[in-house]
Amino acid sequence: MAAAMSLVVGSLVWLEDPEEAWIDGEVVEVKGEQIKVLCTSGKTVVVKASNIYPKDAEAPPCGVDDMTKLAYLHEPGVLDNLRSRYDINEIYTYTGNILIAVNPFRRLPHLYDSHMMAQYKGADFGELSPHPFAVADAAYRLMINDGISQSILVSGESGAGKTESTKLLMRYLAYMGGGAVAEGRTVEQQVLESNPVLEAFGNAKTVRNNNSRSLFLSQIFLSFLSWLELYQAKFQDVKRYKLGHPKTFHYLNQSNCYELDGVDDSEEYIATRRAMEVVGMSSNEQDAIFRVVAAILHLGNIEFAKGKEMDSSMPKDEKSWFHLKTAAELFKCDVKALEDSLCKRVIVTRDETITKWLDPEAAAVSRDALAKIVYSRLFDWLVDKINSSIGQDPESKFLIGVLDIYGFESFKTNSILDISSVHLYLLYYFVGQHVFKMEQEEYTKEEIDWSYIEFVDNQDILDLIEKKPGGIIALFWMKHGK
Ligand SMILES: Nc1ncnc2c1ncn2[C@@H]1O[C@H](COP(=O)(O)OP(=O)(O)OP(=O)(O)O)[C@@H](O)[C@H]1O
């Protein structure tokens, strides 16, 4: 049981329900560990005392704006509070200095207009309703007044609203700090327009979210959104880059999904181009970007067959030769050099350089690796370009980092894509160090009477991965001679 509560007839409680998650009710009979509860829904159930959580009889019907005000901070209490607030259109709630956002799945423009930004400017944290602007304002003022860099971590499962929240934080920070105008564009405009550019090149449609960052750079095969825009929008561009329908490209046709409801690809393409202009990309640079993107697509269509030498490979047929030549043309590199980079591997030892043929299977792996690395470099270039065009001051001593990172999602099978050691660290730092340890130290310092809350952190898992010399990574490098 969550809290040591004395259950008597008349106690209000929460109990788990397979459909509703949690339902509430009133204890009508206590027989040792067996508790009979009359649920609000009308049904009566008998449950073990250890499966029951106390319900605060005095909780306000509209909920509380900071969960630390709750009498019981357990799962049903937290969820009930969030729902009560959501029912009155309050999508934000604090837990101390953490802001919880519940995705409204509808536009709420009145919450984010310039009048709202002006209200939050300089207001004490907690003075106004919970809001991302309040978090951004607190970070901004701490940086300016105390001269300490700040970080804001935005986390949650896919589709939870991280990107939207991040945009709001950025909008507020740009509003506070971005007054300067460069080449007719304000820094605020440039910061905000950097989003559509990064989204066009970094996002993909997933089962849960049409514009998901979850696969950011890790699976370019699914990241077809910008290619799709590219194809649909401008016929002359399609011709220039020798493109065709997305379904003719291996890197785009894996998901069999070429259209998104409510998304007009040509409009998106034009918006992306406009955003690229706003963030300061010249038309030559834009052309180079789309050339690289198109080249990657052609690269993906090169298939390999057995070559003349033993265990060697070569482009399979005329079609593959066409894509190889087009990729080379678009990359502006030598066709033979590109072919060699796919079909051969160069091993440099201390004494000599050995060139080894790759069989068709290995050549395909090498092709995909090249596509990924080029795409990844392109994306890094975009980020650098945006940063320099926004006028990031290399001399600046302080910064506010906004990290938008998906949280751990518990799927039936969790793959390596779902959780990384970065997540484990963040979880360790944020939940373990920040939420629990720091709070508990604070209580001890202020001599507040409280009972120690036991929590299991993920230090053991981190040690398993990273600890030297016995961790997985250390063992891996030991085996591979580094
Ligand atoms: N505050 C909000 N107001 C209105 N709509 C919202 C808000 N937050 C989220 N949404 C809606 O939910 C959708 C998904 O949100 P978002 O893309 O921010 O999720 P995410 O957590 O970043 O997902 P992923 O990890 O998959 O990238 C948005 O496209 C938008 O329609």
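Residues numbered from 1 in each chain as written. Predicted model: local features only at pLDDT ≥ 70, side-chain atom pairs only at ≥ 80, totals over all residues. Heavy atoms only, no water.

You'll find the chain entered in an unreviewed UniProt entry as Myosin-8-like, with Prunus yedoensis var. nudiflora given as the organism. Turning to the chain, the UniProt annotation filed under Sequence similarities (unreviewed entry) states: "Belongs to the TRAFAC class myosin-kinesin ATPase superfamily. Myosin family." (UniProt positions renumbered as here; feature names shortened; annotations may be inferred.)

Visitor: Mind showing me how you'd approach the sheet that holds strand β3 (residues 34-39) here?
Guide: What the five strands build is an open sheet, ordered β4-β3-β2-β1-β5; its pairing is antiparallel. The strands lining the two open edges of the sheet, one partner per strand, are β4 (44-48) and β5 (52-54). Within the sheet, the average angular offset between the axes of one strand and its neighbour, ignoring direction, is 45°. Bridge count between strand β1 (residues 12-17) and β5: three bridges; the pairing is antiparallel. Residue pairing in the sheet places Leu15 in a bridge with Ile52 of β5. (Pairing = 2+ DSSP bridges. Helix = DSSP H or I, 4+ residues; strand = E, 2+ residues; numbered from the N terminus. Axes fitted to C-alpha atoms, helices over the stretch in contact; angles between N-to-C directions.)

Visitor: Explanation requested: the confidence of the model for the chain in the structure shown.
Guide: Detailed conclusions should not be drawn from predicted coordinates in areas where pLDDT is low. On average, residues of the chain score 81 in pLDDT, and 76% of them are at 70 or above. Every residue in residues 213-226 scores below 50 in pLDDT, and together they form 47 contacts with partners more than four places removed in sequence or on other chains. (pLDDT = per-residue confidence, 0-100. Contact = heavy atoms within 4.5 Å.)

Visitor: What exactly am I supposed to notice about helix α4 (residues 162-177) here?
Guide: One turn of the α-helix equals 3.6 residues, which is why residues spaced by three or four share an orientation. With 16 residues, α4 extends 22 Å from end C-alpha to end C-alpha; this agrees with the ideal 22 Å at 1.5 Å per step. Regarding α4, the residues found buried are Lys162, Thr163, Ser165, Thr166, Leu168, Leu169, Met170, Tyr172, Leu173, Ala174 and Met176. (Expected span 1.5 Å × (residues − 1). Buried < 20%, exposed > 50% of the residue type's maximum accessible area, 1.4 Å probe, protein only.)

Visitor: Mind showing me how you'd approach the packing of helix α11 (residues 335-343) against helix α12 (residues 360-390) here?
Guide: How two helices sit against one another is set out by the angle between their axes and by the gap between those axes. With their axes 7 Å apart at the nearest point, α11 and α12 run at an angle of 115° to one another. Between α11 and α12, the contacting residues are Leu338, Ser341, Leu342 and Cys343 on the first element and Ala363, Ser366, Arg367 and Leu370 on the second. Its residues placed into classes, the contact of α11 with α12 shows five nonpolar, two polar and one charged. (Nonpolar A, V, L, I, M, F, W, Y, C, P; charged D, E, K, R; others polar.)

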